[in-house]
Each structure stands twice: as structure tokens, then as C-alpha cells.
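What follows is the residue order along each chain.
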Amino acid sequence: MTEPRHQQLDRLLSIMARLRDPVSGCEWDLAQNFATIAPYTIEEAYEVADAIAREDLAGLRDELGDLLLQVVFHARMAEEDGHFAFGDVADAISTKLEVRHPHIFGDDASGDAQTERWEKVKAKERHAKGETSAVDGVAISLPALMRAEKLQKRAARVGFDWPDPSGAAEKVHEEMAELAEASEAEKLEEAGDLLFAAVNLVRLNGIAPEDALRAANAKFERRFRAMEAFANRDGKSFEGLPLDEQEAYWQAVKTSERAETP
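Our subject in this report is the structure included herewith. Each chain has its residues counted from 1, following the order in which its sequence is written. The model is predicted, so local features are restricted to residues of pLDDT at least 70 and side-chain atom pairs to those at 80 or more, both for listing and for counting; the totals for chains, interfaces and linings are taken over all residues. Only hydrogens and water are set aside; all other atoms, that is, all heavy atoms of the structure, feed into the side-chain values.

## Digging into the pattern of salt bridges
No. 1: Salt bridges are defined by distance alone: a side-chain nitrogen of Lys or Arg within 4 Å of a carboxyl oxygen of Asp or Glu. In the structure shown here, the tally under the stated rule is 18 salt bridges.
No. 2: Across the pair Asp62 and Arg61 runs a salt bridge whose closest N-O atoms are separated by 3.1 Å.
No. 3: Under the relative-accessibility criterion, Asp62 is labelled partly exposed at 40%.
No. 4: Each residue is assigned to one of three classes by its accessible area relative to the maximum for its type, calculated with a 1.4 Å probe on protein chains only: buried under 20%, partly exposed between the two thresholds, exposed over 50%. The class for Arg61 is exposed, based on a relative accessible area of 58%.
No. 5: In this structure, Glu210 and Arg214 form a salt bridge, with 3.7 Å as the shortest nitrogen-oxygen distance.

Structure representation (C-alpha cells):
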């Protein structure tokens, strides 16, 4: 029989408290701190996204549990140091949701679109935190591709943006030329400029750069594995083949995919 929801959560909180007990707790759990746990938190978030992409609902249940553990772990360490507890975390996000949805939990009858309403509320929150720049509050720890997109979106809110993708496309070509002409000392900066410009171009085409690159990664991996399989089928080791033969297998894989597409 399934436990009531509050008992399920209490059980998890109790387990975490026991693992962190200074006398009888787990040696590994006791050795952790916010900084050492942070990479696991990021990893678990990506594993949630991976389960969703694979449409693996059983896996999603498990990965969400792993992600919840990260929240509980951080909250427990904060409670031990006298900062806040899990209940404060839940209360804070509950309050934020209510504040950010005044048309549901308040008396906002302005008729603004949800996105417009959301941005107004978040702008007030940033102002209350003392943030003054349009790009304040974009987390440094975000993956670089996602952070580039967020920075560009923040700049776009105050009008600093290309009016259409053509300007961004020209910028990509400009950055490609600058990278080709760059000295060794300049290459890192110019390569970054090229990637940043590419993010802008993809974003202005209405596509999330992170989603686009994730899809490209998956396609490349699928095709590479297929090339290896084709070579093995022919009694060859893909690794030892000259580049022109490897390219021939790449084209064969693409042809095979097109033939399978209805």
C-alpha cells in the first residue's frame, strides 16, 4: 500500500538526516559539501533530460528521484549550518510561483500575455535583489551554449538584437574569417566569438541552440556507430581505414537513412 505523500517525503528527509548523522552516518555523505555535490546535481538534471528525450517514463521516475535527492542533500547541509531547511526551500518556491502567477493566485486582471506578465514579475524580483543590468542573474555555471543564448535573450529585451537572421548570418561569416586569420594567441577568443555568433543565428531562427546541438550530437553518434557496423560487416576495422574509405561509409550511412525515410 502506497504511503501518504507527506510520509514518503518525511521518509526521504529522515534517510538523509541519518546519512549525515555525525556519529552513525555514512562516511562518504558526511565528507560532502555544497561544492562537491554541485556536479552531481548538474549531472542528475541532465539525466532527467535524457530520460525525457528517450521517452523512458520508468527511467524518468528514477532520475527525478535522483534529482530530488540532490535538493534534499543541499537542504540538509544548509540546515546543519543553520541557514535554511527543506521546508524553507519548498515554501520559497511556492511563494515564487504564487507571485509569478498573479492572474491565478492574485487579482491581476491586466490581460497581459503570460510571457509578458512573467517578465514584468521577474524584472521586479531582479530589481528587489539590487540587479541593475539586463544581463544580471544569468548563472555563470550554466553550460556555455545555454548561457550564451540567455545572455543574448536578455540583451534582446532591451533592443540590442539583430532585426532578422540575415544580420546574424553575416556576423557568422565575419567571425569565420577572423578565426582563419587569427594568430595562435588570438584563436581562443576568435573561436568563442564564432560560437557566440552561431548561437545568435540559431536563436534568431526560432531554435533553441542547446536542443539543436543535442540533436546533432545524437545524429552524429548514430551515423558513426552505423559506419563502424558497415565496416565490420565488410570484414574491415573502421579505425584503420584511410579517410576516403571512411567518408565513403559516411555517405553510405546517409544513403541508407534516406532509403528508410518514408
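## Re the environment of Gly65
No. 1: Only DSSP runs of H or I with at least four residues qualify as helices, and only runs of E with at least two residues qualify as strands; both kinds are numbered from the N terminus onward. As for its placement among the helices and strands, Gly65 is situated in helix α4 (residues 57–80).
No. 2: Along the primary structure Gly65 and Glu44 are separated by 21 residues, whereas in three dimensions their C-alpha atoms are 9.3 Å apart.

## Considering the nonpolar core
No. 1: Counting residues in hydrophobic clusters, the biggest one holds eight residues: Met227, Phe230, Ala231, Phe238, Leu241, Tyr249, Trp250 and Val253.
No. 2: Within the residue set of this core, elements represented by two or more residues are α11 (209–233) and α12 (243–260).
No. 3: Only buried Ala, Val, Leu, Ile, Met, Phe, Trp, Tyr and Cys residues count toward a nonpolar core, and they belong to the same one when joined by side-chain atoms within 4.5 Å. With seven residues, the next largest nonpolar core counts Met16, Val72, Ala75 and Phe86 among its residues.

## Re helix α9 (residues 165–181)
No. 1: The span expected for a helix works out to 1.5 Å for each residue beyond the first. Relative to the 24 Å expected for 17 residues at 1.5 Å per residue, α9 spans 25 Å between its end C-alpha atoms, a close match to the ideal helical length.
No. 2: When α9 is considered as a whole, its buried residues turn out to be Gly167, Ala168, Val172 and Glu175. Buried residues of α9, viewed axially, fall in a sector of 145°; they line one side. Opposite the buried face of α9, by more than 90 degrees, sit the exposed residues Glu170, His173, Ala180 and Glu181.
No. 3: Turning to α9, the residues buried within the fold contact α10 (187–204). The directions considered for the arc run from the helix axis to the C-beta atoms. Two residues qualify as a contact provided that any one of their heavy atoms is within 4.5 Å of a heavy atom in the partner residue.

## Section: the packing of aromatic side chains
No. 1: Between rings of Phe, Tyr and Trp, where Trp is taken as its six-membered ring, a pair exists when centres lie within 6.5 Å; planes separated by under 30 degrees are stacked, by over 60 edge-to-face, and by other angles tilted. The full count for this structure, using the stated rule, is four aromatic pairs.
No. 2: Where Trp28 meets Tyr40, the ring centres are 5.9 Å apart and the plane angle is 75°; that geometry is what we call edge-to-face. Of this pair, Trp28 sits in helix α2 (residues 27–30) while Tyr40 sits in helix α3 (residues 34–53), and the two are 12 residues apart along the sequence.
No. 3: Exposure remark for Trp28: the relative accessible area of 43% places this residue in the partly exposed category.
No. 4: Of the residues examined, Tyr40 reaches a relative accessible area of 36% and is grouped as partly exposed.
No. 5: Judged by centre distance (5.4 Å) and plane angle (80°), the ring pair of Phe224 and Phe238 falls under edge-to-face. Of this pair, Phe224 sits in helix α11 while Phe238 sits in the loop between α11 and α12, placing them 14 residues apart in sequence.
No. 6: Here Phe224 falls in the partly exposed class, since its relative accessible area comes to 29%.

## Observations concerning the environment of Glu189
No. 1: With respect to the secondary-structure elements, Glu189 resides in helix α10.
No. 2: Taking the C-alpha atoms as reference, Glu189 lies 35 Å from Ala51; in sequence the two are 138 residues apart.

Bear in mind that shape data such as this cannot, by itself, settle questions of function.
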